[in-house]
Amino acid sequence: EIQSINITMNNLPYKSQNDFRARRINGHLMNQNLNKEVLLVGRVVENGPEYSIVEASDGQNVRVKMSSGNTYTSSHVEVAGKIQKDERGLFIYEHLSRDFGDSFDFESYDQLVGLMNGKFNHLF
């Protein structure tokens, strides 16, 4: 359920890369992870300058507040960030992202996310 990820520590509130630990989620798990660090894999639906829309593995659209100057260059991405809430609802405040190419098996990944946050959460 919680995984480590290698990140560049520029302008992030962590002392080292080992301090960043995040839960893999889908759109359904946004509410229960408010103010927590998360990893979301999804398909880019809308690539905006400030906010983008990413379709999570369960088909729900998730709003992502982009890092300054960032843009997605593939149709699938992994976003690492913190879930926050504003007047428009929940969104992920992106710390970083990485391209996941133009083909991804969402069905299998969503099953994995379900197991990591459900029956087998004690292993993660």
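Going by the structure above, here's the rest.
Residues numbered from 1 in each chain as written. Predicted model: local features only at pLDDT ≥ 70, side-chain atom pairs only at ≥ 80, totals over all residues. Heavy atoms only, no water.

**Description of the nonpolar core**
Phase 1: By size, the foremost hydrophobic cluster in this structure holds 20 residues, and its most contacted members are Ile-25, Leu-40, Tyr-72 and Ile-92.
Phase 2: Of all the secondary structure elements, the ones that give two or more residues to this core are strand 3 (37-46), strand 4 (51-56), strand 5 (61-65), strand 6 (76-86) and helix 1 (106-116).
Phase 3: Among the elements that make up this core, the one with the highest residue count is strand 3 (four residues).
Phase 4: Apart from the residues within four sequence positions on either side, Leu-40 is in contact with Ile-25, Asn-26, Gly-27, Val-54, Ala-56, Val-62, Val-77, Glu-78, Val-79 and Ile-92. (Core = buried A, V, L, I, M, F, W, Y, C linked by side-chain atoms within 4.5 Å. Buried < 20%, exposed > 50% of the residue type's maximum accessible area, 1.4 Å probe, protein only. Helix = DSSP H or I, 4+ residues; strand = E, 2+ residues; numbered from the N terminus. Contact = heavy atoms within 4.5 Å.)

**A look at the pattern of salt bridges**
Phase 1: Under the definition given, this model contains five salt bridges.
Phase 2: Of the charged contacts, one joins Glu-78 and Arg-98 as a salt bridge, the two residues approaching to 2.5 Å between their closest N and O atoms. Taken as a pair, Glu-78 in strand 6 and Arg-98 in strand 7 (residues 89-99) lie far apart in primary sequence, 20 residues in all.
Phase 3: Given a relative accessible area of 2%, Glu-78 falls into the buried group.
Phase 4: It is possible to trace a salt-bridge network through shared partners that takes in Arg-24, Glu-78 and Arg-98. (Salt bridge = Lys/Arg side-chain N within 4 Å of Asp/Glu carboxyl O.)

**A closer look at the pairing of strand 3**
Phase 1: Burial runs high along strand 3: seven of the 10 residues are buried.
Phase 2: Relative to strand 3, strand 2 (residues 21-25) is paired through three bridges, and the arrangement is parallel. Paired with Arg-23 across the strands is Val-38, a residue of strand 3.
Phase 3: Bridge count for strand 3 against strand 6 is seven bridges, and the pairing is antiparallel. Among the inter-strand pairings, Val-41 is bridged to a residue of strand 6, identified as Glu-78.
Phase 4: Here four bridges tie strand 3 to strand 4, and the two strands are oriented antiparallel to one another. Bridged to Gly-42 within strand 4 is Ala-56. (Pairing = 2+ DSSP bridges.)

**A short note on the environment of Asn-70**
Phase 1: Locating Asn-70 in the fold gives a position in the loop between strand 5 and strand 6.
Phase 2: For the pair Asn-70 and Leu-96, spaced 26 residues apart in sequence, the C-alpha separation works out to 8.6 Å.
Phase 3: In this structure, Asn-70 is in contact with Glu-94 and Ser-97, ignoring residues within four places of it in sequence.
Phase 4: Looking at Asn-70, its side chain comes within polar contact range of the side chain of Glu-94, at 2.7 Å. (Polar contact = N/O pair within 3.5 Å; in protein donor to acceptor, adjacent residues only side chain to side chain.)

**Considerations on unusual backbone geometry**
Phase 1: Even without being glycine, Asn-35 reaches a positive phi, approximately 65°.
Phase 2: Looking at the element boundaries, Asn-35 is found in the loop between strand 2 and strand 3.

**Here we look at helix 1**
Phase 1: Those residues of helix 1 that sit buried are Phe-106, Tyr-109, Val-113 and Met-116. Axial view of helix 1: buried residues confined to an arc of 85°, hence all on one face.
Phase 2: Where helix 1 begins, the side chain of Asp-105 points an oxygen toward the backbone nitrogen of Glu-107, at a separation of 3.3 Å. (Arc of directions from axis to C-beta.)

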